[in-house]
Amino acid sequence: MKVGAITIGQAPRVDVTSDIMEIFNGKVELLQGGGLDGLTRTEIEKFKPEEGDYVLVSRLTDGSSVTFAERHILPRLQQRIYDLEEQGVKFIMFFCTGDFPDTFKSSVPLIFPCKILNHIVPLLTKTSNIITVTPSPLQVAQCEKKWRNYVSQVTSVPASPYGDQETLKAAAYKIRDMDGDLVILDCIGYTQEMKEMFSAITGKMIVLSRTILARVVSELTDV
């Protein structure tokens, strides 16, 4: 089965597929596209967020990360949808947990991790008190504002999946002493290895966005 995947950064996202392709049990041909494909870092820097912008963080093919405003890439994401549709995909996953406007046009289902998480996470927390890990300090306020629509309490801790391991460990030790019975690694960039590290240090239940996405999508491919 041909399945599309769109990253807001640059494709292919080999870091993501290394954790999820086994979940599809060899039944998926994954075709990828990216919102920043074909752009240089200098061109991408023109997309830097301004006050009031919805902030996104993603990975480039050289392994580095970039921070930019969502509004700059929406037309480019729409073109990636068209490109993948022409290649015959049955549906398209988004490799990003951010919120997107309901304005994309598509003849196939678009599957957004945020919409999956928004409905699943409240079912997984007994106290309705969660902790989210998000890549950038610029995303903390928007992350907490979003999650307050679904749970009673949320605290967001910034730590990039594209940075150094020590920063992630420091975030895990901080979270260990915080209230909250569920930790959401709220970016597609966090890996299975990072999930295991957060679990070991915090002793809390951890939700990894990329594998939640893949497991839900596998219901459509497991035939």
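Computed from a prediction, not measured in an experiment: that's the story for all the values here.

This part is about the overall build of the chain. Per the secondary structure count, the chain includes 8 helices and 10 strands. Relative to the 2.2 N^0.38 estimate, which gives 17 Å for 223 residues, the radius of gyration of the chain is 17 Å and therefore close to what a compact globule would have. In terms of principal-axis extent, the alpha carbons of the chain reach across some 50 × 45 × 30 Å. The buried share of the chain, taken over its 223 residues, is 54%. At a minimum sequence separation of 6, the contacts of the chain that also span at least 24 residues come to 67%. The centroid of the 24 positive side-chain charges in the chain is displaced by 2 Å from the centroid of its 28 negative side-chain charges.

On to the sheet that holds strand E1 (residues 2–7). Spatially, 4 strands are ordered E2-E1-E5-E6 in an open sheet, and the strand pairing comes out parallel. Taken across any chain shown, the strands that pair with only one partner, and hence form the sheet edges, are strand E2 (29–34) and strand E6 (110–111). Here strand E5 (residues 92–95) pairs with E6 via 2 bridges, running parallel. Considered in E6, the bridge of Met93 is made with Ile111. Contacting E1, E2, E5 and E6, helix H3 (residues 74–86) runs over the sheet at an angle of about 165 degrees to E1.

The next point concerns the sheet that holds strand E7 (residues 129–134). Spatial ordering of the open sheet is given by E8-E7-E9-E10, a layout of 4 strands whose pairing is parallel. Two strands bound the open sheet, and with one partner strand each, they are strand E8 (153–158) and strand E10 (205–208). Direction aside, the axes of adjacent strands within the sheet are offset by 25 degrees on average. Packing of helix H6 (residues 165–176) onto the sheet brings it into contact with E7, E8 and strand E9 (182–185), and relative to E8 it is tilted by some 155 degrees.

This next bit is on the domain arrangement of the chain. Buried accessible area, meaning the area lost when the parts come together, often serves as the stated size of an interface. By the assigned domains, the chain splits into domain 1 (1–111 + 210–217) and domain 2 (114–207). Distance between the C-alpha centres of domain 1 and domain 2: 21 Å. Counting from both sides, the interface comprises 25 residues of domain 1 and, opposite them, 21 residues of domain 2. Roughly 1800 Å² of surface becomes buried between domain 1 and domain 2 when both sides are summed, with 61% attributable to carbon and sulfur atoms. The partner of Asp102 in a salt bridge is Lys115, with the nearest N and O atoms 3.2 Å apart. If you look at where domain 1 meets domain 2, you find 9 residue pairs in polar contact (both at pLDDT 80 or more). Elements with a minimum of two residues in the side of domain 1 that touches domain 2: helix H1 (14–20), strand E3 (55–59), strand E4 (65–69) and helix H8 (209–221).

The rules behind the values
- Residues numbered from 1 in each chain as written.
- Predicted model: local features only at pLDDT ≥ 70, side-chain atom pairs only at ≥ 80, totals over all residues.
- Heavy atoms only, no water.
- Helix = DSSP H or I, 4+ residues; strand = E, 2+ residues; numbered from the N terminus.
- Rg over C-alpha atoms; globule rule 2.2 N^0.38 Å.
- Buried < 20%, exposed > 50% of the residue type's maximum accessible area, 1.4 Å probe, protein only.
- Contact = heavy atoms within 4.5 Å.
- Lys, Arg positive; Asp, Glu negative; His and termini not counted.
- Charge placed at Lys NZ, Arg CZ, Asp CG, Glu CD.
- Pairing = 2+ DSSP bridges.
- Axes fitted to C-alpha atoms, helices over the stretch in contact; angles between N-to-C directions.
- Domains from an automatic or database assignment.
- Buried area = accessible area lost by both parts, 1.4 Å probe.
- Salt bridge = Lys/Arg side-chain N within 4 Å of Asp/Glu carboxyl O.
- Polar contact = N/O pair within 3.5 Å; in protein donor to acceptor, adjacent residues only side chain to side chain.

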